[in-house]
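Notes for the structure review
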Amino acid sequence: EPEVTQTPSHQVTQMGQEVILRCVPISNHLYFYWYRQILGQKVEFLVSFYNNEISEKSEIFDDQFSVERPDGSNFTLKIRSTKLEDSAMYFCASSATGRNQPQHFGDGTRLSIL
Amino acid sequence: AQSVTQLDSQVPVFEEAPVELRCNYSSSVSVYLFWYVQYPNQGLQLLLKYLSGSTLVKGINGFEAEFNKSQTSFHLRKPSVHISDTAEYFCAVTVDLYSSASKIIFGSGTRLSIRP
């Protein structure tokens, strides 16, 4: 069964540094998402992306965050100047075209900010 | 705005016993309902979904859930659990929008621990 893959599985970064989290969605999917889960808390929506632009973003997704689909396969989340509170598990998801197709999640990237 | 409440943060159950994980939602518009499972050190896997039709939906691994519109609930059940069911379970909703890029709103999760 096709999968969403995320790299790296664990990223350790110094506070203030930029970090890029990478995702390869399922190949025929057109809708892409990022979520995050701070340790011990619920999974929170960050942003959705379709047709090379952001469809919706949460209030968490401020100016330090950006997303990009640089080629036909990758979908990236960039955090420009990381803060301690950015430490979390970040999940990428994708879904096929059509209303309410289920979102398929990757295994996540654990981001640790020191 | 939509919200999802999972009343139990942890549910310990003996192996082969039945289990029910409770979920209530709040929304002023129609929603679609999901249960996701997260095994240790893994991502989120879809267990089952309710979009329309029969209110009893069956998912993978022997789980089922019943949509109750009047009680705004979507409780997850399994008649006999196994050690391998040990995981975190998340109830979730998406809003019935015409847009296909519909965000998921998750509950806080219920940790199911199975005792031998």
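Below, the structure is looked at part by part.

Rules used throughout
Residue indices follow the written sequence of each chain, beginning from 1 at its first position. Chains and ligands are labelled by the order in which they are written, letters from A for the one and numbers from 1 for the other. Selection of residues for local features in this predicted model requires a pLDDT of at least 70, selection of side-chain atom pairs for listing and counting requires 80 or more, and totals for whole chains, interfaces and linings are taken over all residues. Processing note: side-chain calculations cover all non-hydrogen atoms of the structure and skip hydrogens and water entirely. Two cysteine sulfur atoms make up a disulfide if the distance between them is within 2.5 Å. In this text, helices come from DSSP runs of H or I with a minimum length of four residues, and strands from runs of E with a minimum of two, each type numbered from the N-terminal end. Type-normalised accessible area, obtained with a 1.4 Å probe on protein chains alone, sets the label of each residue: buried when under 20%, exposed when over 50%, and partly exposed for intermediate values. Between any two strands, pairing holds if DSSP finds at least two bridges. To obtain each axis, a line is fitted to C-alpha atoms, and for helices this fit is confined to the stretch in contact; angles are then taken between N-to-C directions over 0 to 180 degrees. For this analysis, a nonpolar core means a set of buried residues of the types Ala, Val, Leu, Ile, Met, Phe, Trp, Tyr and Cys, connected via side-chain atoms within 4.5 Å. For this analysis, residues touch if any pair of their heavy atoms sits within 4.5 Å. Whenever a carboxyl oxygen of Asp or Glu lies within 4 Å of a side-chain nitrogen of Lys or Arg, that contact is scored as a salt bridge. Here the buried area means the combined drop in accessible surface, using a 1.4 Å probe, for two parts upon being joined, counting both sides. Here a polar contact is recorded for every N or O atom pair within 3.5 Å, except that within protein the pair must consist of a potential hydrogen donor and a potential acceptor, and residues adjacent in sequence are included only if both atoms are side-chain atoms. All residues other than Ala, Val, Leu, Ile, Met, Phe, Trp, Tyr, Cys, Pro, Asp, Glu, Lys and Arg, Gly among them, are scored as polar; the first ten of these are nonpolar and the last four charged. Ring pairs shown here join Phe, Tyr and Trp side chains whose ring centres sit within 6.5 Å, with only the six-membered ring taken for Trp; geometry is labelled stacked below 30 degrees between planes, edge-to-face above 60, and tilted in between.

One pass over the full model with this rule turns up two disulfides over all chains. Across the disulfide, A:Cys23 is cross-linked to A:Cys92 (sulfur-sulfur distance 1.9 Å). Of note, the bridge from A:Cys23 to A:Cys92 carries an S-S torsion of about -65 degrees and is left-handed in sense. With A:Cys23 in strand 3 (residues 19–24) and A:Cys92 in strand 9 (residues 88–95), this residue pair connects regions lying 69 residues apart in the sequence. What makes A:Cys23 buried here is its relative accessible area of 1%. There is a disulfide in this structure between B:Cys23 and B:Cys91, and the S-S distance comes to 1.9 Å. On the sign convention where negative means left-handed, the S-S torsion of about -65 degrees between B:Cys23 and B:Cys91 marks this disulfide as left-handed. A residue pair is termed long-range when its members are at least 10 positions apart, and B:Cys23 in the loop between strand 3 (19–21) and strand 4 (24–26) and B:Cys91 in strand 10 (residues 87–95) qualify at 68 residues. The class for B:Cys91 is buried, based on a relative accessible area of 0%.

What follows deals with the sheet that holds strand 7 (residues 65–68) of chain A. Residue and element names in this part refer to chain A. Overall, antiparallel pairing links the four strands, which are arranged 1-3-8-7 in an open sheet. Only two strands of the sheet have a single neighbouring strand rather than two, namely strand 1 (5–7) and strand 7. Taking the axes of each pair of neighbouring strands and ignoring which way they run, one obtains an average angle of 20 degrees across the sheet. Direction of pairing for strand 7 relative to strand 8 (residues 75–79): antiparallel, over a ladder of four bridges. Across the sheet, Ser66 pairs through a bridge with Lys78, a residue of strand 8.

Let us now look at the nonpolar core. Residue and element names in this part refer to chain B. Membership of the largest hydrophobic core comes to 29 residues, with the highest contact counts inside it found for Trp35, Leu48, Phe74, Leu76 and Tyr89. Contributing elements (two or more residues each) for this core: strand 2 (10–14), strand 3, strand 5 (31–38), strand 6 (44–50), strand 8 (64–68), strand 9 (73–78), strand 10 and strand 12 (110–115). Among residues more than four places away in sequence, those in contact with Tyr89 are Gln6, Leu21, Trp35, Tyr36, Val37, Leu47, Phe63, Leu76, Gly109, Thr110 and Leu112.

Here we take up the pattern of salt bridges. Think of it this way: side chains of opposite charge can pair up when their charged atoms draw near. Residues and elements named next belong to chain B. Scanning the entire structure with this criterion turns up eight salt bridges over all chains. A salt bridge links Asp85 to Lys78; the shortest N-O distance between them is 2.8 Å. With relative accessibility at 2%, the residue Asp85 sits in the buried group. Taking relative accessible area as the criterion, Lys78 reaches 7% and is therefore assigned buried. Note that Arg111 is salt-bridged to Glu88, the shortest N-O span being 2.8 Å. Placement of Arg111 in strand 12 and of Glu88 in strand 10 is noted, with a sequence separation of 23 residues between them. Judged by relative accessible area, Glu88 falls into the buried class, the value being 12%. The network of salt bridges with shared partners includes Glu20, Glu66 and Arg77.

Contact with chain B, which involves 24 residues of that partner, is made by 19 residues of chain A. Buried surface at the junction of chain B and chain A, both sides included, amounts to about 1900 Å², of which 54% is carbon and sulfur. Note that B:Lys103 and A:Glu56 form a salt bridge whose closest N and O atoms lie 3.2 Å from each other. Counting every contact that joins chain B to chain A gives five residue pairs in polar contact (both at pLDDT 80 or more). Elements supplying a minimum of two residues to the side of chain B that touches chain A: strand 5, strand 6 and strand 10 of chain B. Its residues placed into classes, the side of chain B that touches chain A shows 13 nonpolar, eight polar and three charged.

Right, let's talk about the packing of aromatic side chains for a bit. Pairs of aromatic rings are described using the distance from one ring centre to the other and the angle between the two planes. Taken as a whole and assessed by the stated rule, the structure comprises 17 aromatic pairs over all chains. A centroid spacing of 5.7 Å and a plane angle of 85 degrees characterise the contact between A:Tyr35 and B:Phe106, whose relative ring orientation is edge-to-face. Of this pair, A:Tyr35 sits in strand 4 (residues 31–37) while B:Phe106 sits in strand 11 (residues 105–106), on two different chains. For the residue pair A:Tyr35 and B:Phe106, the accessibility class agrees, reading buried in each case. Members of the aromatic cluster, each reached through a chain of ring pairs, are A:Tyr33, A:Tyr35, A:Phe45, A:Phe105, B:Phe34, B:Tyr36, B:Phe90 and B:Phe106.

Any functional reading would require information beyond the geometric quantities listed.
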